[in-house]
Amino acid sequence: MRRRPRVLLSTGAALAVLGPLGWFWQDSHLPGTWSVMDMGYTDTGGGAPEAHAHGDGGVDLRTLTADPDRPADVSVTLIARQERFRLASGRTVDGFTLDGTSPGPTIRATVGDLVEVRLVNISVPDGVTIHWHGVDVPGAEDGVAGVTQDAVAQGAEHVYRFVADRPGTYWYHSHQHSAEQVAGGLLGALVVDPSPSPGSAADVLALVHHYGGVATVDGREGDVVVPATPGTRVRVRVVDTDNGPMWVWVGGSPFEVAAVDGTDVHEPSRVRDRALLVAAGGRADLLVTMPEDGSPVRVHLGGRTGVVLSPSGRAPAPVPRPSATVDLLSYGTPAPLGFDPDAPDRRFDYDIDRRPGFLDGRPGLWWTVDGHAYPDGPMFLVSEGDVVRMRIVNTSGERHPMHLHGHHAVVLSRDGVPATGSPWWVDSLDVADGETYEIAFLADNPGVWVDHCHNLPHAEQGLIVHLAYAGVSTPFLIGGPTRNVPE
Amino acid sequence: MRTTYRVLAYLIALEVVVQAAALALAFAGLVHWVDGGGVLDSGVIEGDSDPFPEIVGLIMHGINGGIVVPVLALLLLISSFFARVPRGTVWALVVLGLVVLQVMLGYSLADVPGLGAVHGANALLVFTAAFLAARRARVRRPAADDVAAATADTPV
């Protein structure tokens, strides 16, 4: 008689433990196919809650293109393959190539050019896309699988068209299975020259990428030696294509930070013995003045690689990273922003944290945005012309390079300290653990734009939300028959 | 169920040993790799590839500690409801509590490196608690032995 109640009690206790866990597990499963428009909840940021169109009478994202009748000024075909290939350094890597190489070919345009890129997928079974990192392209051209297009399947192709309207250093990479494909080398540089060309400075591209844990500059390992004339100025275009930030410093010469994330710094001052942190996904153009006496200069890129600018071919001794830094919050001098961030139409919070739970049935410690784990995070809703202020707070225990597609935002403050230097325009902002940034941007590019961490495995783990324009909708689906997996 | 409880508890204790070994292996691999000219920076840490083979120890440590051990501790608690181990549920809760603390410490130590020392010390508490829990669930010898022992101790 005593046994029966005991078994019931034991079973009840077991159910009390397992029941909630099972419920959370079940609840975390993602549907096979879904639209980003239906994810999470809408945050209007205090602005008007306009009807969020679902195709009826709204603007279809596919119509947000460059002028279809305008002929291209720059035409490029990129052939994507998954294969074993050889880096410029001679090392063999299993990964992805564009036109047989990784990094892919550097696309060079002059400001105002219409760039047309035909992407052909020869042998990438998961499909590919190209995202134009840092270029505020029209809504249909952003290259995010399942949001702005379907992944380009093996044997298929896709054409991107956009006007390169701002001079600067950019890069491109796949946004389908991006954590895997970007690490594997499906990327390249895009440089937009000003017009007329300044002509005075020599120009060196320094695209940094780790292949299988090996640091490379444009696919080469160790020091990349570039000839330079004494007394001249050299623009070194640094691109961090990895998942972590990179310290950059210069031994043997003073330098200026001429541009950040494809935007010129206003009146940059010349600095010496200072290090600059380039965010993952971010870019910085350093303007180096070669010494008159012909001595070489080393631009250190993250401690293991560098560009050596040398009239003689001789390399200088490496110097340790200076402890002093270039703080972009106070670097350069102020200039007009073009809008008033103190009179915003919308204010959003992007609070990054993490908590234990399930994501698609997998237990773990998952990222949250404003307290919600993927896919329940906020959708930030804006209208065209809105001035938007966003506060990013990172209490997640790790660093996050935050990347908003389709827009450049200006940094207003960090940890309550207002920006006093040149307008610090970013598309990739490194937010360390414990930091708070206030940024602002003008909602001037209708579309549906993801806003995610560019430490791509973090995005894969759910650190991704999106910014949507009222009345704009996308017909594309995550998952679906073309198996769109943007991260 | 008593056997299940005992095996689970011993498995958790064994996992603590595995965790220590895996971490030491990874650290030794790192030292060896740096000796050979390797440089560890965030590009490598955030990268998706293995700079040296012993890093598998670090990956194992993460999977074991983040998933396997918590699942074992949870199963221990559930088995305790059925196992009729004296104070078995209390001990299972102690083990689970220490494991939860251990996981939280593990995820926080990049923030506050000092917590790494607590994480290391708490590992021994997990081991001890799991071991004691397992010992409580020893299969009793046939009753005669107990009786004989008791009889022997009984003052005549």
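Here the focus is the overall build of chain B. Tallying secondary structure elements over chain B gives 6 helices and 0 strands in all. Counting from the amino terminus, chain B carries its helices and strands in the arrangement α-α-α-α-α-α. In chain B, once contacts between residues fewer than 6 apart in sequence are set aside, the share between residues at least 24 apart is 76%.

Regarding its fold elements, chain A presents 3 helices and 37 strands. Here chain A has a C-alpha radius of gyration of 24 Å; the compact-globule value for 487 residues is 23 Å, and the two agree. Seen through its C-alpha atoms, chain A measures out along the principal axes to roughly 100 × 60 × 50 Å. Within chain A, buried positions represent 50% of all 487 residues. Contacts in chain A between residues at least 24 apart in sequence constitute 78% of all its contacts with a sequence separation of at least 6.

Contacts between the two partners involve 24 residues from chain A, matched on the other side by 22 residues from chain B. Of all the elements in the fold, those that place two or more residues in the side of chain A that touches chain B are α1 (3–27) and β24 (362–369) of chain A. A per-element tally of the side of chain A that touches chain B places α1 of chain A first, with 5 residues. Residue composition of the side of chain A that touches chain B, grouped by class: 10 nonpolar, 11 polar and 3 charged.

Residue and element names in this part refer to chain A. Along the chain, G184 turns up in the loop between α2 (178–183) and β11 (187–193). For the pair G184 and H209, spaced 25 residues apart in sequence, the C-alpha separation works out to 9.6 Å. When neighbours within four sequence positions are excluded, G184 is seen to be in contact with G95 and F96.

Turning our attention to helix α4 (residues 88–108) of chain B. Residues and elements named next belong to chain B. For α4, built from 21 residues, the straight-helix expectation of 30 Å at 1.5 Å per residue is met to within 8% by its first-to-last C-alpha distance of 30 Å. Listed in full, the buried residues belonging to α4 are G88, W91, A92, V95, L96, L98, V99, Q102, L105 and G106. Taken together, the buried residues of α4 touch α1 (2–35), α3 (56–83) and α5 (115–136).

Residue and element names in this part refer to chain A. Only one face of strand β19 (residues 275–278) is buried, namely the one carrying L276 and V278, since none of A275 and L277 on the opposite face is buried. With 4 bridges connecting them, strand β16 (residues 246–251) and β19 associate as antiparallel partners. By the bridge assignment for β19, M246 is matched with V278.

A separate point is the domain arrangement of chain A. Residue and element names in this part refer to chain A. Under the domain assignment used here, chain A contains domain 1 (33–57 + 337–479), domain 2 (74–193) and domain 3 (202–310). Distance from the C-alpha centre of domain 1 to the C-alpha centre of domain 2: 24 Å. Taken residue by residue, the interface counts 21 residues in domain 1 and 13 residues in domain 2. Its residues assigned to classes, the side of domain 1 that touches domain 2 shows 12 nonpolar, 7 polar and 2 charged.

Turning our attention to the nonpolar core. By size, the foremost hydrophobic cluster in this structure holds 130 residues, and its most contacted members are A206 and L286 of chain A. Apart from residues lying up to four places away in sequence, L286 of chain A is in contact with V236, V238, V248, V250, F255, V257, A258 and V299 of chain A. Of all hydrophobic cores here, the second largest spans 28 residues; its members include I12, V69, L77 and A129 of chain B.

All right, on to the environment of R135 of chain B then. Mapped onto the elements, R135 of chain B comes out in helix α5. Distance in space between the C-alpha atoms of R135 of chain B and L11 of chain B is 13 Å, their sequence separation being 124 residues.

All names here are of chain B. At a minimum axis separation of 8 Å, α1 and α5 run at an interaxial angle of 155 degrees. Here α1 lies roughly antiparallel to α5, going by the angle between them. In this structure, α1 crosses over α5, and the sense of that crossing is left-handed. Contacts from R6, A9, Y10, I12, A13, V16, Q19 and A20 in α1 reach A123, V126, F127, A130, F131, A133 and A134 in α5. Here the residues of the contact of α1 with α5 are counted per class, giving 13 nonpolar, 1 polar and 1 charged.

All names here are of chain A. A sheet is described by the order of its strands in space; here 6 strands give the open sequence β13-β12-β15-β20-β17-β18, paired in mixed fashion. If you trace the sheet from one side to the other, it starts and ends with β13 (214–217) and β18 (263–264), each paired once. Pairing of strand β17 (residues 255–260) with strand β20 (residues 283–289) involves 5 bridges; the strand directions are antiparallel. When the sheet's bridge partners are listed, A259 is paired in β20 with D285.

We now examine α5 of chain B. All names here are of chain B. Along its 22 residues, α5 runs 31 Å from first to last C-alpha, staying within 8% of the 32 Å computed at 1.5 Å per residue. By the burial criterion, the buried members of α5 are H119, A123, V126, F127, A129, A130, A133 and A134. Along its buried surface, α5 packs onto α1 and α4.

Residue and element names in this part refer to chain A. An order of β5-β4-β7-β9 is seen for the 4 strands of this open sheet, with the pairing classed as mixed. Among the strands making up the open sheet, the edge pair consists of β5 (92–98) and β9 (157–163). On average, each strand axis in the sheet is tilted by 25 degrees relative to the strand beside it, whichever way the strands run. As judged from the 7 bridges shared by strand β7 (residues 114–123) and β9, these two strands associate in the antiparallel manner. Bridging across to β9, R118 finds its partner in V159.

The omega torsion of the bond from S195 of chain A to P196 of chain A falls at -5 degrees, within 30 degrees of zero and hence cis. Take P196 of chain A: it is sitting in the loop between β11 and β12 (202–211). In the segment running from Y374 of chain A into P375 of chain A, the intervening peptide bond is cis, with an omega of 5 degrees. The residue P375 of chain A is located in the loop between β25 (372–373) and β26 (378–382) in this model. We note that D218 of chain A has phi near 50 degrees; this positive angle belongs to a residue other than glycine. Assessed through the 21 C-beta atoms surrounding it within 10 Å, D218 of chain A is described here as buried. The residue R84 of chain B is not glycine, and still its phi comes out positive at about 55 degrees. When you line up the elements, R84 of chain B lands in the loop between α3 and α4.

Calculation rules
Here the residue index of a chain counts from 1 through its sequence in written order. All chains are assigned letters beginning with A, and all ligands numbers beginning with 1, in the order in which they are written. Local features in this predicted model are restricted to residues of pLDDT 70 or higher, and side-chain atom pairs are both shown and tallied only at a pLDDT of 80 or more, whereas totals for entire chains, interfaces and linings draw on every residue. Here a helix means four or more residues in a row that DSSP labels H or I, a strand means two or more in a row labelled E, and each is numbered from the N terminus. Residue pairs qualify as contacts under a 7 Å threshold applied to their C-beta atoms, which are placed from the backbone. Computation of the radius of gyration draws on C-alpha atoms, with the globule rule given as 2.2 Å multiplied by the number of residues to the power 0.38. Buried, partly exposed and exposed are defined by the number of other C-beta atoms within 10 Å of a residue's own C-beta, namely 20 or more, between the two limits, and 12 or fewer respectively, with C-beta atoms placed from the backbone. For this classification, the nonpolar set comprises Ala, Val, Leu, Ile, Met, Phe, Trp, Tyr, Cys and Pro, the charged set comprises Asp, Glu, Lys and Arg, and every other residue, Gly included, is treated as polar. Any helix carries an expected span of 1.5 Å times its number of residues minus one. In this analysis, strands are considered paired if DSSP registers two or more bridges between them. Domain start and stop positions are those given by an automatic or database domain assignment. Put simply, a nonpolar core is buried Ala, Val, Leu, Ile, Met, Phe, Trp, Tyr and Cys residues tied into one set by C-beta atoms within 7 Å. Helix axes use the C-alpha atoms of the stretch in contact, all axes being lines fitted to C-alpha atoms, and the angles between their N-to-C directions lie in the range 0 to 180 degrees. Roughly parallel refers to an angle under 35 degrees, roughly antiparallel to one over 145, roughly perpendicular to one between 65 and 115, and oblique to any angle outside these ranges. Here is the rule for handedness: rotate from the far helix to the near one, and if that takes an anticlockwise turn smaller than a right angle the crossing is left-handed, while a clockwise turn gives right-handed.

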